[in-house]
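Chain residues, written in single-letter form:
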Amino acid sequence: MDLTVTRVANACVLLELNGHTVLTDPWFTERWYLRRGEPLGLPVADLPPLTAIVATSFAANHWDLRALKEYRHKDSTPVYVSARLMERQARALGYRNVEQLRWDEKRELAPTLSIEAVPAGRTLVWRNNAYVLSSGPTRVFFGGEIADVGLLERYRTGAPAVSVALLPVNGLRPVLGPPLVMGPREAVAGANALGARVLVPVHDAHADDPLSLIFRRHGSGEDAKALAATASSRLEVVCLPPGERWEYEAPARSV
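Only a predicted model underlies this, so the values are computations on that prediction, with no experimental measurement involved.

(A) Quick peek at the state of the cysteines. As enumerated under the stated definition, the model contains zero disulfides in all. As a non-bridged cysteine, Cys12 has Cys239 as the owner of its nearest cysteine sulfur, 18 Å distant.

(B) Local environment of the environment of Gly177. Looking at the secondary structure, you find Gly177 in the loop between strand 12 (173-174) and helix 4 (184-193). In this structure Gly177 comes out as partly exposed when scored by relative accessible area, which is 32%. Distance from Gly177 to Phe215, taken between C-alpha atoms, is 9.7 Å for residues 38 residues apart in sequence.

(C) Representation of the sheet that holds strand 6 (residues 98-100) in the model. With mixed pairing, seven strands are arranged side by side in an open sheet as 6-5-4-3-2-1-16. With one partner strand each, in any of the chains shown, strand 6 and strand 16 (245-248) form the two edges of the open sheet. Each strand of the sheet is rotated relative to its neighbour by a mean of 20 degrees, with strand direction disregarded. Direction of pairing for strand 2 (residues 12-17) relative to strand 3 (residues 20-24): antiparallel, over a ladder of five bridges. When the bridges of strand 3 are listed, Leu17 appears paired with His20. Set on the sheet, helix 2 (residues 84-92) makes contact with strand 5 (79-81) and strand 6; between it and strand 6 the angle comes to about 175 degrees.

(D) Spotlight on empty space enclosed by the protein. Under the criterion given, the structure shown has one cavity of 30 Å³ or more. Here the largest cavity is characterised by a volume of approximately 50 Å³. In terms of lining residues, the largest cavity is bounded by Leu23, Pro26, Phe28, Val44, Leu47, Ile53, Ala67, Leu68 and Tyr71. Of the residues belonging to the lining of the largest cavity, the class tally is nine nonpolar, no polar and no charged.

(E) How the structure looks around the sheet that holds strand 13 (residues 198-202). Across the sheet, seven strands lie side by side as 7-8-9-10-11-13-15; this open sheet has mixed pairing. Pairing within the sheet leaves two strands with one partner each, and these edge strands are strand 7 (106-110) and strand 15 (236-237). In terms of strand pairing, strand 13 meets strand 15 through two bridges, oriented parallel. Paired with Leu199 across the strands is Val237, a residue of strand 15. Its contacts with the sheet place helix 4 against strand 11 (164-168) and strand 13, and it is angled at close to 155 degrees to strand 11.

Rules used throughout
Residues numbered from 1 in each chain as written. Predicted model: local features only at pLDDT ≥ 70, side-chain atom pairs only at ≥ 80, totals over all residues. Heavy atoms only, no water. Disulfide = S-S within 2.5 Å. Helix = DSSP H or I, 4+ residues; strand = E, 2+ residues; numbered from the N terminus. Buried < 20%, exposed > 50% of the residue type's maximum accessible area, 1.4 Å probe, protein only. Pairing = 2+ DSSP bridges. Axes fitted to C-alpha atoms, helices over the stretch in contact; angles between N-to-C directions. Contact = heavy atoms within 4.5 Å. 1 Å grid on protein atoms, 1.4 Å probe; cavity = no way out; pocket = protein on both sides within 12 Å on 5 of 7 lines; lining within 4 Å. Points joined across faces, edges and corners; volume = space filled by probe spheres on them. Nonpolar A, V, L, I, M, F, W, Y, C, P; charged D, E, K, R; others polar.

Below you can see the structure in the form of structure tokens.
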């Protein structure tokens, strides 16, 4: 298989792409004020040596410094982040190859794997990244902390379609204020804008914790699946429980 996806929790996902392994938005340890609301799909100790770690935002459920400290292959694993603060934090934990990727910057992770940072809005004054991972004909879009469909529409005007889009779906928002991330309708629209064949929902569960008194969930992956089923779209929505390994089946090449 060209691509397999294992969701760990929230937007933390293990991507296996043509023999390369990439971990997104690491989150393994809960806080008293911030709970997963779902089981942990994979402990840090069971992670394989990673080709890279990528993080979209410095929020604690996308950038888990406690867990990053416990990862065993810090010397050899590059880390790509969205903010200079995150770069300093990773280096302080012992990671040697850390880089803040600015929007539209690209890097070659291996002869058969590249990464591109894509605009994903801001948290306060800090930029959030989305990422596109490309290996051969397979392109994966990961937007762990993105709310604006327009950003995906603008990206797509100058870029090829992606195979799989991993987008937030719970529409988390404060009691007063705009959404922090996409809800089901935006995720389906965003995946279609990217030309994706498959949408894998992330940022879905939300626990009853102190933060839930302020931030409320507005939708789910199952809602996105139902929306896609009623729309005139070829989009498939794959809702992955934590720990379940899903294999992407690329369309057969014409001869």
